[in-house]
Amino acid sequence: MAASIREKQTAALKRMLNFNVPPVKNSTGEPVWKVLIYDRFGQDIISPLLSVKELRDMGITLHLLLHSDRDPIQDVPAIYFIMPTEENIDRLCQDLRSQLYESYYLNFISAISRSKLEDIANAALGASAVAQVAKVFDQYLNFITLEDDMFVLCNQNKELVSYRAINRPDVTDTDVETIMDTIVDSLFCFFVTLGAIPIIRCSRGTAAEMVAVKLDKKLRENLRDARNSLFTGDTLGAGQFSFQRPLLVLVDRNIDLATPLHHSWTYQALVHDVLDFQLNRVILEESSGMENSPAGARPKKKNKKSYDLTAADKFWQKHKGSPFPEVAESVQQELETYRAQEDEVKRLKSIMGLEGEDEGAISMLSDNTAKLTSAVSSLPELLEKKRLIDLHTNVATAVLEHIKARKLDVYFEYEEKLMSKSTLDKSLLDMISDPDAGTAEDKMRLFLIYYISSVQLPSEADLEQYKKALTDAGCNLNPINYIKQWKAFAKMASTPATYGNSAAKSLGLFSRVMNTGSQFVMEGVKNLVLKQQNLPVTRILDNLMEMKSNPETDDYRYFDPKMLRGSDSSIPRNKNPFQEAIVFVVGGGNYIEYQNLVDYIKGKQGKHVLYGCSELFNASQFLKQLSQLGQK
């Protein structure tokens, strides 16, 4: 396969750190030492892709935040990697005036406006530092790549483009415009980096449609301006999509609100659900001194340890999509092979201490020297293996503690049954009232999944009973208020949903895509023995990628930014199935859907799918947003 998005973004960053000239592979000389100045956005983009060691190899001796107190370093070049925001530009102008560095290479994460450029020029003139400003570049890197096939738009200020921001009942048209522009800007950067012009499909009457219209316009404008087009021959030819263009499927979070609340069973999704996992780094609290404290009491002191789960971590790459029991077993196996190798090294050491000159020992010695040499040369590898085993032992143990304490396997199985409409072996009320099973949040998630996926809503009397049980369990009932409204709108499938007082506000709701009411939020649930079933997002992708006719997606709009005139049609001109696709969820995504797509595409030879979302949340973060939406 041609370069993945992770490789492309990494290459773009390395080129930037090399003063925007491609790094030469085999140069033996010292790199040019330089400092890197970034803002929080830049930090989030770089940290999942380049380690401190890699930065040092690129000649970066210091990396500092733009808004920290920095001392002048007269004789080094500085590379800036920042968003073109008001305050960043002000600070940059201040740096120029204070003459902090020898020369300035300015790289803006996203395109800078003409007026801001003029502000910088004025400051440079005023500080007579024009000669020091060596280069100014728009990098178009305003997105964060987390995996070879997964990206998220932002981590800083993500509440600005969150599910709640888009679906607030009091959202104004200008707010919506701003949110959509932010999302489109990042998606545009993504396609510039990918070097491809997609064909866009989206559902009608949703936030996804607004993104599609704006993105189509932005790509179109850029292609028209032939002289300054970012999609010129040299970038396009290098793209993995050079023969065939990728499909971009824009879906709205509202088509499936159950999956983000679902308890998961695969390793990566569980780590994200129960631990503090952000931008590929997991932070574990290690409690020291677990004396028999009464249940619920906090242990005395907590140490925080953070681990990076990266592309270089072979165990993680292999098992992040495996069901948890399998992971635990694999950690154990790895540990045993490691111990066997370690014992072998020890045994050789003891043999090397042989006394006596008998023939046997001598011949053994020469034989073992070779063995020892190979054992010693494999030591670094062994140590790395040991580090990974320890890391995953700690992470898996932490996850397991949550599973046991909260009976997550029971929840997972029960939700699967709810979602796939199987018979239940225990009433929902019993699950909610059981004091031992799960936290208040787990119970709330379970109830919401039941509510979202039930075809027949519970009667008022039953609902009161559920609410009482949930309140007794310590739940906040706000999310139910929102889901109730959401459900009511989803039901009015044939009429366009309006919300508030004008049609433009109907963002969070469905138009007739939801003609089946809610049954399709439910399919695609996995048992403890995972069987591959497609979640709604994967199903939509499958229909559009394979050009299958399906009432669910036949109405999706079709945009082709390369066509001279935009047409509002649902009829695709291209009748061939796509080889490459990008699924983008407006309103937030999760690792469960990502994993589902990865599993789906494994069965398709030579096809690739990327998963992107406006923000990545786990169930408790999503529940918080629903609860804010439901506040009366």
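Residues numbered from 1 in each chain as written. Predicted model: local features only at pLDDT ≥ 70, side-chain atom pairs only at ≥ 80, totals over all residues. Heavy atoms only, no water.

For the protein chain, an unreviewed UniProt entry supplies the name Sec1 family domain-containing protein 1 and the organism Phrynocephalus forsythii. UniProt annotates the protein chain under Sequence similarities (unreviewed entry) with the comment "Belongs to the STXBP/unc-18/SEC1 family." Recorded in UniProt under Function (unreviewed entry), the annotation for the protein chain is "Plays a role in SNARE-pin assembly and Golgi-to-ER retrograde transport via its interaction with COG4. Involved in vesicular transport between the endoplasmic reticulum and the Golgi." (UniProt positions renumbered as here; feature names shortened; annotations may be inferred.)

Q: Is there a simple way to explain the nonpolar core in this structure?
A: Burial of nonpolar side chains together is a common tendency in soluble globular proteins. Ranked by size, the top nonpolar core spans 78 residues in total, and within it F81 and V395 carry the most contacts. Take this core: its biggest share by element is seven residues, from helix α22 (residues 591-602). (Core = buried A, V, L, I, M, F, W, Y, C linked by side-chain atoms within 4.5 Å. Buried < 20%, exposed > 50% of the residue type's maximum accessible area, 1.4 Å probe, protein only. Helix = DSSP H or I, 4+ residues; strand = E, 2+ residues; numbered from the N terminus.)

Q: Honestly, the packing of helix α21 (residues 536-545) against α22 in this entry has me stumped. Any pointers?
A: With their axes 9 Å apart at the nearest point, α21 and α22 run at an angle of 40° to one another. The orientation of α21 relative to α22 falls into the category oblique. Helix-helix and strand crossings are classified by hand; for α21 and α22 the assignment is right-handed. Residues V537, T538, L541, D542 and M545 of α21 pack against E593, N596, L597, Y600 and I601 of α22. (Axes fitted to C-alpha atoms, helices over the stretch in contact; angles between N-to-C directions. Parallel < 35°, antiparallel > 145°, perpendicular 65-115°, else oblique. Left-handed = near helix turned anticlockwise from the far one by under 90°. Contact = heavy atoms within 4.5 Å.)

Q: What is the right way to read the state of the cysteines from this model?
A: Covalently bonding the sulfur atom of one cysteine to the sulfur atom of another cysteine gives a disulfide. Per the counting criterion, the structure on display carries zero disulfides. This cysteine, C154, is not joined by any disulfide, and C613 carries the nearest cysteine sulfur, 9.7 Å off. We classify C613 as buried; its relative accessible area is 0%. (Disulfide = S-S within 2.5 Å.)

Q: Explain helix α4 (residues 86-98) to me, please; I cannot follow it from the model alone.
A: Two residues of an α-helix separated by three or four positions point the same way, owing to the 3.6 residues in each turn. Here α4 contains 13 residues, and its C-alpha end-to-end distance of 19 Å stays within 8% of the 18 Å for a straight helix at 1.5 Å per residue. Turning to α4, its buried residues number three or more, namely N88, I89, R91, L92, C93, D95 and L96. Looking at the packing, one finds that the buried side of α4 touches β3 (77-82), β4 (103-108), α5 (114-126) and β5 (133-138). Directly after α4, the chain includes Q99, whose backbone phi takes a positive value near 50°. (Expected span 1.5 Å × (residues − 1).)

Q: What exactly am I supposed to notice about the pattern of salt bridges here?
A: When the charged atoms of two side chains lie near each other, side chains of opposite charge can form a pair. Scanning the model with the defined rule gives 30 salt bridges in all. The closest approach of N and O atoms between D560 and R245, which form a salt bridge, is 2.7 Å. Of this pair, D560 sits in the loop between β13 (557-559) and β14 (580-586) while R245 is found in the loop between α9 (233-238) and β9 (247-252), placing the two residues 315 residues apart along the sequence. Take D560: its relative accessible area is 9%, and that puts it in the buried class. (Salt bridge = Lys/Arg side-chain N within 4 Å of Asp/Glu carboxyl O.)

Q: Please explain the pairing of β3 as it appears in this structure.
A: A regular strand carries its side chains on alternate faces of the sheet. Counting buried residues along β3, six of its six residues qualify, which places the element largely inside the surrounding structure. Here β3 shows a buried face lined by P77, I79 and F81 and a second buried face lined by A78, Y80 and I82. Judged from the four bridges that link them, strand β1 (residues 34-38) and β3 form a sheet pairing that is parallel. Bridging from a neighbouring strand, Y38 pairs with F81 of β3. Bridge count for β3 against β4 is six bridges, and the pairing is parallel. Considered in β4, the bridge of I82 is made with F108. (Pairing = 2+ DSSP bridges.)

Q: Help me out: how do you make sense of the packing of aromatic side chains in this one?
A: Each aromatic ring pair is summarised here by two numbers: the centre-to-centre distance and the angle between the ring planes. In this structure the tally under the stated criterion is 24 aromatic pairs. Judged by centre distance (6.5 Å) and plane angle (70°), the ring pair of Y80 and Y101 falls under edge-to-face. Residue Y80 is located in strand β3, and its partner Y101 is located in the loop between α4 and β4; the two are separated by 21 residues in the primary sequence. Like Y80, the residue Y101 is buried in the burial classification. Look at Y101 and Y104: their rings are 6.1 Å apart centre to centre, the planes differ by 70°, and that puts the pair in the edge-to-face class. Note on Y101: relative accessible area 3%, which makes it buried. Aromatic rings pair up to connect Y267, F277, W316, F324, Y591, Y594 and Y611 into one cluster. Between K34 and the ring centre of F19, over which it is positioned, the NZ or CZ distance is 4.8 Å. (Phe/Tyr/Trp six-rings, centres within 6.5 Å; stacked < 30°, edge-to-face > 60°. Lys NZ or Arg CZ within 6 Å of the ring centre and 35° of its normal.)

Q: Would you explain the pairing of β4 in this entry?
A: Counting buried residues along β4, six of its six residues qualify, which places the element largely inside the surrounding structure. Of the two faces of β4, the one carrying S103, Y105 and N107 and the one carrying Y104, L106 and F108 are both buried. Both β4 and β5 contribute to a ladder of five bridges, which runs parallel. Following the sheet pairing, L106 is matched in β5 by V136.

Q: Hey, could you run me through the side chain of Q9 in this one?
A: Summarising the element assignment, Q9 is placed in helix α1 (residues 5-17). When sequence neighbours within four positions are dropped, the list of residues in contact with Q9 reads I45, L49, L141, F143, I144, T145 and T193.

Q: Would you mind showing me how to read the sheet that holds β3 here?
A: Sheet strands line up and pair through hydrogen bonds in the backbone, either parallel or antiparallel. With parallel pairing, the five strands of this open sheet are ordered in space as β2-β1-β3-β4-β5. A single partner strand is all that each edge strand has here, and the edge strands are β2 (60-65) and β5. Here the strands of the sheet are splayed against their neighbours by 15° on average, with no regard to which way each runs. Together, β3, β4 and β5 form the strand contacts of α4, whose direction differs from that of β4 by roughly 170°.

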